[in-house]
Amino acid sequence: MLDWKKLINKERLKKSKLKDDRNEFESDYGRIIYSPALRRMHDKTQVFPLTTDDNIHSRLTHSNEVMSLGYTFGLKLSKSELIQKKTGLQEVELLRILPVLLQNICLIHDIGNAPFGHFGETIVSDYFKNLKGKKNKSFLKLSEHQQRDFLYYDGNAQGLRVITKLQYLDNPFGLNLTLGTLASYLKYPNYENINKVKEEKLKKIGRLLKQKEIECSKHGVFYSEIKYFEKIVDECGLKVKDKIVRHPLCYLMEAADSIAYLCMDMEDGFNKNIYGIKDIEDEFSRSKGEIAEEIISICRNSYYDDNTKIVNIRIKLIGHLVQLAFTNFEKNLKKIEIGTYNQELIKDDPNKIYKALESFSSKIFKSREINYLESTGHSVFTGLLDFYIEFLFHDNEKYVKRAKHLISRSIIECAIEENLLTIGDVKFEKMLKSLRKDVSTFKKKGPEKARDLEKEAEKIKQHKAKFGELKTSYEVLFENQQMRPLTVLEESELKRLRFEIRGIINPDFDDLNEYYKFRVILDFISGMTDQFAVAHYQKISGQKIN
C-alpha cells in the first residue's frame, strides 16, 4: 500500500531552502509559470496545427483549462475524509498542498509535446523506425533502451526531461521541482515494459498479452532520465512489491486532461463549422443516462442561440465528468494504490458519455483542414530531422560545424553538463591513445619527433591528473547537494570546480556520444513552436532567405 506522506514529498532532486512565505508546492508553481518551455506552448498545436484563428485552442490554453479542473479536484481531495485519514492532515492543511500540486502537474502535463500535436510523436517514431530499417550506423550503436526512446517516442517522457534538465541554469536539475510534483507528473512510470513491446515479443512466440497495464501504455522515461526516475520512485514509494505504480494524483490529472480536451474539442469543432447543434443532439440521443437527456434538452431549447447552447453543453458535461471522475477515484483508491486499476476514471462509466464526446474528436480529425495541416507538419518535422541527422553525423566536420551552430546553445550545454565528467575521462583517454600510437610510429622514423610527442603526452598526463583531482572534489559536492542544501561557500566552490573542469577539457557537441547527439537533435526540434519549426525548415531548405 502506498504511503501518502511519501506521495506528497516536498523534497527536491537538488536540495534547497525556501526564501519566502510560499510552501514547496507553491514555489513549484512559480518555477513553472515563469519557464520558457511553458511560454512556448502558446504556439503549439492542440488540435488544429498552424491555425490563425484566435478562438481555437493552443496547447497553452488547453493546459490552463486542465489546470483549472485539476485545482477543482484538489479542493475535493482536501475535503475528502478518506484523503484526510490517509495523509494525517486536516482540510485547512491540505488546501495549501493538493490543489496546488494538481494545478502544477496539470499545467505541465503537455510541456514535452512536440510541434504539430500528437501527430508529431507519430512522425518521430516512424522516422526512427525507418532509420533503423536503413541500418543507420550511428543509430545502431545505441542500446536497446536508447533506441526505444526514439522508436516509441512520447511527449510525456520528453516532458520529464524538459522539467528536470532542459530548463538549463548551469546545472542538470532543470526547474528542480519537488519529488511529489515529479512523481505525480509521471503518467507512464516505465522505461522497458511498454504494452506494445510486450505484445510484439509475445506475438513472436504465439502468445497474447492477457492484461494491459495503464502505466505501461507508452514509453514513459528516457534512458537519459533513469537515475532521476529511480530516485523519484524510491523517495515517493511508488513501488508495490516488484511493480512500479502510478502516483494516485496522476489519475486525476489524466481525467482533467481528458475532460478538457474532449469537451473543448467538441466546442472547437462546432466553432469551425465541422458540425452543428443538431449533430450534437443526434449523437447524445444515442447515449443513455440523465446527463444525455440534459444535453438533448439544451440542444432543443428555443430560447438559446447556438453559441449559448454550446457553452451550456460544455458546462454541463464538465460538471458531470468531474463528479464521475472523483467518485471513481475514491471508490477505486485501493486498486489504484496497488496498481490494479487499469482504466481512465471517466471511462469507468456504464453510460459511456465519453464515447459520444470521442465521436466529435473523430469528426475533427477527419476534416480536410486538419489533414492538410498535419501533412504540412509531417513535411516540416521530417525535413528538420533529415537535415540535422545528415549534417551532425557527417564525416566532413564542416557540415557538423554549420549545423551545431544553428542549435540552441543551452540545449547542447545541457547534454554536456549531463556527461561532463564522462566526457573528460573519454577525451583524455583518446588523446593519450592517439599520442602513444604517434610515438610508436615516429620512433621508427626518428627519435627527435618521438621525444617531442612524449613531452606532449606528459603534459596531457599532468592535465589528466589535475582533472582527476578536480573531478573527485566535484563529485563529492555534486552528491552532497542532492542530500542537503549547500552552504554559500560550498556553492561557490562547486561553481569554481565546474569552471576549472570545463577549462581543462573544453567540452563541445563533438564530445557527446551518438545517443546524446540524437538526444540534442530531438530536444531542439521538439521544443520548437509550430511557427518557428516551419520558418526554420524553410530557411535550412532554401525556401526562405530571411
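The sections below set out a description of the structure shown in this document. What you see is a predicted model, and the numbers here were worked out from it, not measured in a lab.

1. Looking at the nonpolar core
Counting residues in each nonpolar core, the largest one holds 165 residues, and the members touching the most others are Phe 73, Phe 128, Ile 280, Phe 284 and Leu 317. Here this core takes 13 residues from helix α15 (residues 248–271), the largest share from any one element. When residues no more than four places from it in sequence are discounted, the contact partners of Phe 284 are Ala 292, Ile 295, Ile 296, Leu 317, Ile 353, Ala 356, Leu 357 and Phe 360.

2. Here's the deal with the environment of His 536
Checked against the element boundaries, His 536 lands in helix α28 (residues 530–540). Taking the relative accessible area as the measure of exposure, His 536 reaches 10% and is therefore buried.

3. Examining the packing of helix α17 (residues 290–299) against helix α18 (residues 306–331)
Running from N to C, α17 and α18 cross one another at 170°; their axes reach a closest spacing of 9 Å. In terms of their interaxial angle, α17 and α18 are classed as roughly antiparallel. Counting all contacts with α17, which are made through Ile 291, Glu 294, Ile 295, Ile 298 and Cys 299, the residues of α18 involved are Lys 309, Asn 312, Ile 313, Lys 316, Leu 317 and His 320. Of the residues contributing to the contact of α17 with α18, the split by class is 6 nonpolar, 2 polar and 3 charged.

4. A word on the pattern of salt bridges
Under the counting rule described, the total for this entry stands at 45 salt bridges. Two residues, Asp 20 and Arg 22, come together in a salt bridge whose shortest N-O distance is 2.8 Å. Residue class for Asp 20 comes out partly exposed when judged on its relative accessible area of 38%. Look at Arg 22 and you get partly exposed, because its relative accessible area is 35%. Several salt bridges share partner residues, and in doing so they unite Lys 404, Arg 409, Glu 413, Glu 417, Arg 498, Arg 502, Asp 508 and Asp 510 into one network.

5. Concerning helix α14 (residues 226–236)
Taken together, the buried positions of α14 are Ile 226, Tyr 228, Phe 229, Ile 232, Val 233 and Cys 236. Angularly, the buried residues of α14 cover 165° about the axis, an arc narrow enough to put them on a single face. For α14, the exposed residues set more than 90 degrees away from the buried face come down to Lys 227 and Asp 234. Contact partners of the buried residues in α14: α1 (4–7), α10 (144–151), α11 (155–166), α12 (179–185), β1 (239–240) and β2 (243–244).

6. Remarks on unusual backbone geometry
The backbone phi angle of Lys 352 is positive, close to 50°, even though this residue is not glycine. By secondary structure assignment, the location of Lys 352 is in the loop between α19 (333–338) and α20 (353–365). Non-glycine residue Asn 506 carries a positive phi angle of around 45°. Within the element layout of this structure, Asn 506 appears in the loop between α26 (488–505) and α27 (514–526).

7. Notes on the packing of helix α16 (residues 277–285) against α18
Relative to each other, α16 and α18 sit at 35°, their axes nearing to 10 Å. Between α16, through Ile 277, Ile 280 and Phe 284, and α18, the contact on the second element is made entirely by Asp 306, Lys 309, Ile 310, Ile 313 and Leu 317. For the contact of α16 with α18, the class distribution of residues is 6 nonpolar, no polar and 2 charged.

8. With respect to the packing of aromatic side chains
The tally for this structure, following the rule as stated, stands at 25 aromatic pairs. For the ring pair Tyr 127 and Phe 128, a centre distance of 5.6 Å and an interplane angle of 70° mean the geometry is edge-to-face. Across this residue pair, the class does not change: Tyr 127 and Phe 128 are buried. Centroid distance Tyr 191 to Phe 229: 5.9 Å. Interplanar angle 85°. Geometry classified as edge-to-face. Of this pair, Tyr 191 sits in the loop between α12 and α13 (195–204) while Phe 229 sits in helix α14; the two residues are 38 residues apart in sequence, bridging distant segments of the chain. Like Phe 229, Tyr 191 is buried. Cluster of aromatic residues (ring-pair linked, three or more members): Tyr 127, Phe 128, Phe 139, Phe 150, Tyr 223, Phe 393, Tyr 515, Tyr 516 and Phe 518. Its guanidinium or amino end placed over the ring of Phe 222, Arg 519 lies 4.0 Å from that ring's centre, counting from NZ or CZ.

9. Considering α10
With 7 of 8 residues buried, α10 lies mostly within the body of the structure. Along α10, the positions that sit buried rather than exposed are His 145, Gln 146, Gln 147, Arg 148, Asp 149, Phe 150 and Leu 151. Turning to α10, the residues buried within the fold contact α8 (119–133), α9 (137–140), α13, α14 and α27.

10. Regarding the state of the cysteines
Counted under the stated rule, the structure contains 0 disulfides. Summary of cysteine pairing: Cys 263 is not part of a disulfide, and the nearest cysteine sulfur, belonging to Cys 299, is at 13 Å. On the basis of relative accessibility, which here comes to 0%, the residue Cys 263 falls in the buried class. Residue Cys 299 is classed as buried on the basis of its relative accessible area of 4%.

11. Section: the side chain of Arg 498
With respect to the element layout, Arg 498 can be found in helix α26. Under the relative-accessibility criterion, Arg 498 is labelled buried at 15%. Looking at Arg 498, its side chain comes within polar contact range of the side chain of Tyr 168, at 3.0 Å. There is a polar contact of 3.0 Å between the side chain of Arg 498 and the side chain of Glu 417. When neighbours within four sequence positions are excluded, Arg 498 is seen to be in contact with Tyr 168, Asp 170, Glu 417, Leu 420 and Tyr 474.

Calculation criteria
Every residue gets a number counted from 1 within its own chain, in the order that chain's sequence is written. Reporting in this predicted model follows two pLDDT cut-offs: at least 70 for local features of residues, and 80 or more for side-chain atom pairs to be given and counted; totals over whole chains, interfaces and linings ignore these cut-offs and use all residues. Only hydrogens and water are set aside; all other atoms, that is, all heavy atoms of the structure, feed into the side-chain values. By convention a nonpolar core is built from buried Ala, Val, Leu, Ile, Met, Phe, Trp, Tyr and Cys residues, the set being connected through side-chain atoms within 4.5 Å. Throughout this description, buried means an accessible area under 20% of the type-specific maximum (1.4 Å probe, protein chains only), exposed means over 50%, and partly exposed covers the range between. Comment: elements are numbered from the N terminus, with helices defined as DSSP H or I runs of at least four residues and strands as E runs of at least two. A contact between two residues is defined here by any heavy atoms of the two lying within 4.5 Å. Throughout, an axis means a line fitted to C-alpha atoms (over the contacting stretch in the case of helices), and angles, computed between N-to-C directions, take values from 0 to 180 degrees. Reported orientations rely on four angle classes, namely roughly parallel under 35 degrees, roughly antiparallel over 145, roughly perpendicular from 65 to 115, and oblique for the rest. Amino acids outside the nonpolar list (Ala, Val, Leu, Ile, Met, Phe, Trp, Tyr, Cys, Pro) and the charged list (Asp, Glu, Lys, Arg) are all regarded as polar, and Gly is one of them. When a carboxyl oxygen of Asp or Glu lies within 4 Å of a side-chain nitrogen of Lys or Arg, that pair is called a salt bridge. Arc definition: directions from the helix axis to the C-beta atoms. Stacked, tilted and edge-to-face are the three classes applied to pairs of Phe, Tyr and Trp rings, where Trp contributes its six-membered ring and a pair requires centres within 6.5 Å; stacked means planes under 30 degrees apart, edge-to-face means over 60, and tilted covers the rest. Should the NZ of a Lys or the CZ of an Arg lie within 6 Å of a ring centre and within 35 degrees of the ring normal, that charge is described as sitting over the ring. What counts as a disulfide here is a pair of cysteine sulfur atoms lying within 2.5 Å. Whenever two N or O atoms come within 3.5 Å, that pair is a polar contact, provided that in protein one can donate a hydrogen and the other can accept it, and provided that, for residues adjacent in sequence, both atoms are side-chain atoms.

Spatial relationships are all this shows, so hold off on functional conclusions.
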